[in-house]
Amino acid sequence: MSYQCAACGKRGDGLKMKRFPACKAETYCNKRCQRAHYREHKKECGKRAAAAKSPEPEQFSLMTDEEVFRQPSPNEDCPICFLPLPLIGSMTNYRACCGQKLCHGCWYADNEQRDCCPFCRTPKESTIDEYVEWLEERMKAKDAYAYYLKGCQYNFESEGKGHALEQAFANWLKAGELGAPAAHYWVAKAYHNGWAVKKDTKKATYYFQLGAVKGDLMSRHMLARNEYDNGNVDRSMKHWMIAASAGDEKAAMELQKAYRVGHLTKDDFVRTLRAHKQSYDQMKSDQRDTAFLETKKHCVNLYGETVEH
């Protein structure tokens, strides 16, 4: 995959291009481009470099129970069918041409009918590089989800190490600051596993909490599992109940298992299942069911393309 010079815009091999030494978040053709871009990049570089280092401990004080166990706001609606967007990110399609998101049902139906974006009417991308260029344009507009996907791209290319992983972390950190809940999960995973940063369990927990309160299911799942592994069964159940009440099927299955072994009271189980059904039904539609059945033999990659198994 090619990388874009932050100064002149030319694309080149990421292994041969130079990176800014402080924040490691920008790439350049050569030293001349790096010096030319410094004045524009200086302020942002300082913020990213400071964030990547170990911040002051008070910045990472863990959240209170009242904050962590509060039910998050529901997802925004799909702008086409006006139903809440699915909880699972892979069932939401992002249009890099204009930054709009739509559910997998509307995306599948639209793909069958036209060859352009349903919002801005831009013809669909012909290559992955074209999609990445659009993504980078959205990043200039401070689009949180564009930063998140760019981080995912770098992570995919990194194979768990090197400059690309550092780029992934920097983009996830920025995406979280701009409001992408899923980005907090990946920042937490980086601290948990020591990807591009020093392992830090407290910081990992903080970012899992941050993602969970913003509505990210994977962050909520990690908190539930970690609490259970630490022997805090009641706290684990609370996390699963919050996720299930939002319509998460996996959380509902976990609660079913917990009820069978006595970790959950009947009243809590029944109340949560009712809330789960109500939330799940609000997101359900025939069009989404059709899209799921038609695409379940495919996997969707970073760029929204379907790939045969």
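Preceding block: the structure.
Structural notes, computed from the coordinates. None of the values given here were measured: they were computed from a predicted structure.

This paragraph deals with unusual backbone geometry. Here the phi dihedral of Phe82 falls at roughly 65 degrees; this positive angle occurs in a residue that is not glycine. If you trace the backbone, Phe82 turns up in the loop between α2 (65-68) and β5 (92-95). Of the residues examined, Phe82 reaches a relative accessible area of 61% and is grouped as exposed. The phi dihedral of Ala196 falls on the positive side, at around 70 degrees, and the residue is not glycine. The residue Ala196 is located in the loop between α7 (181-193) and α8 (201-213) in this model.

Another point: the nonpolar core. In this structure, Tyr94, Tyr148 and Tyr207 are the most contacted members of the largest nonpolar core, which totals 40 residues. Looking at this core, the elements with two or more residues in it are α4 (128-140), α5 (144-158), α6 (163-178), α7, α8 and α9 (217-229). For this core, the leading source of residues is α5, giving eight residues. In this structure, Ala224, Ala244, Ala252 and Phe269 belong to the second largest nonpolar core, which totals 13 residues.

Using the criterion set out here, one finds 10 aromatic pairs in the structure. Considering the side-chain rings of Phe169 and Tyr191, the 5.7 Å spacing of their centres and the 90 degrees angle between planes classify their relative orientation as edge-to-face. On the criterion of sequence distance, the pair formed by Phe169 in helix α6 and Tyr191 in helix α7 is long-range, its members being 22 residues apart. Exposure remark for Phe169: the relative accessible area of 4% places this residue in the buried category. Take Tyr191: its relative accessible area is 2%, and that puts it in the buried class. Aromatic pair Trp186 and Trp195: ring centres 6.3 Å apart, planes at 20 degrees, arrangement stacked.

Alternating positions in β5 separate into two faces, Thr92 and Tyr94 on one and Asn93 and Arg95 on the other, with burial throughout. As judged from the four bridges shared by β5 and strand β6 (residues 100-103), these two strands associate in the antiparallel manner. Each bridged residue has a counterpart across the sheet, and for Arg95 the counterpart in β6 is Gln100. Counting the residues between successive antiparallel strands, the hairpin from β5 to β6 contains four residues, one of them, Gly99, with a positive phi of roughly 85 degrees.

As a further point, take the pattern of salt bridges. Using the criterion set out here, one finds 14 salt bridges in the structure. Put simply, Arg235 and Asp65 hold a salt bridge, and the shortest N to O gap is 3.0 Å. Separated by 170 residues along the polypeptide, Arg235 in helix α10 (residues 233-245) and Asp65 in helix α2 bring together distant segments of the chain. Exposure remark for Arg235: the relative accessible area of 26% places this residue in the partly exposed category. A relative accessible area of 40% places Asp65 in the partly exposed class.

Between two packed helices, both the angle of their axes relative to each other and the distance between the axes serve to describe the pair. With their axes 8 Å apart at the nearest point, α10 and helix α11 (residues 249-260) run at an angle of 135 degrees to one another. In terms of axis orientation, α10 runs oblique to α11. You can see that α10 and α11 cross each other, and the crossing is left-handed. Taking contact as the criterion, the partners of Met237, Trp240, Met241, Ala243 and Ala244 in α10 are, on α11, Ala251, Ala252, Glu254, Leu255 and Ala258. Within the contact of α10 with α11, the residues separate by chemical class into nine nonpolar, no polar and one charged.

Basis of the calculations
Residues numbered from 1 in each chain as written. Predicted model: local features only at pLDDT ≥ 70, side-chain atom pairs only at ≥ 80, totals over all residues. Heavy atoms only, no water. Helix = DSSP H or I, 4+ residues; strand = E, 2+ residues; numbered from the N terminus. Buried < 20%, exposed > 50% of the residue type's maximum accessible area, 1.4 Å probe, protein only. Core = buried A, V, L, I, M, F, W, Y, C linked by side-chain atoms within 4.5 Å. Phe/Tyr/Trp six-rings, centres within 6.5 Å; stacked < 30°, edge-to-face > 60°. Pairing = 2+ DSSP bridges. Salt bridge = Lys/Arg side-chain N within 4 Å of Asp/Glu carboxyl O. Axes fitted to C-alpha atoms, helices over the stretch in contact; angles between N-to-C directions. Parallel < 35°, antiparallel > 145°, perpendicular 65-115°, else oblique. Left-handed = near helix turned anticlockwise from the far one by under 90°. Contact = heavy atoms within 4.5 Å. Nonpolar A, V, L, I, M, F, W, Y, C, P; charged D, E, K, R; others polar.

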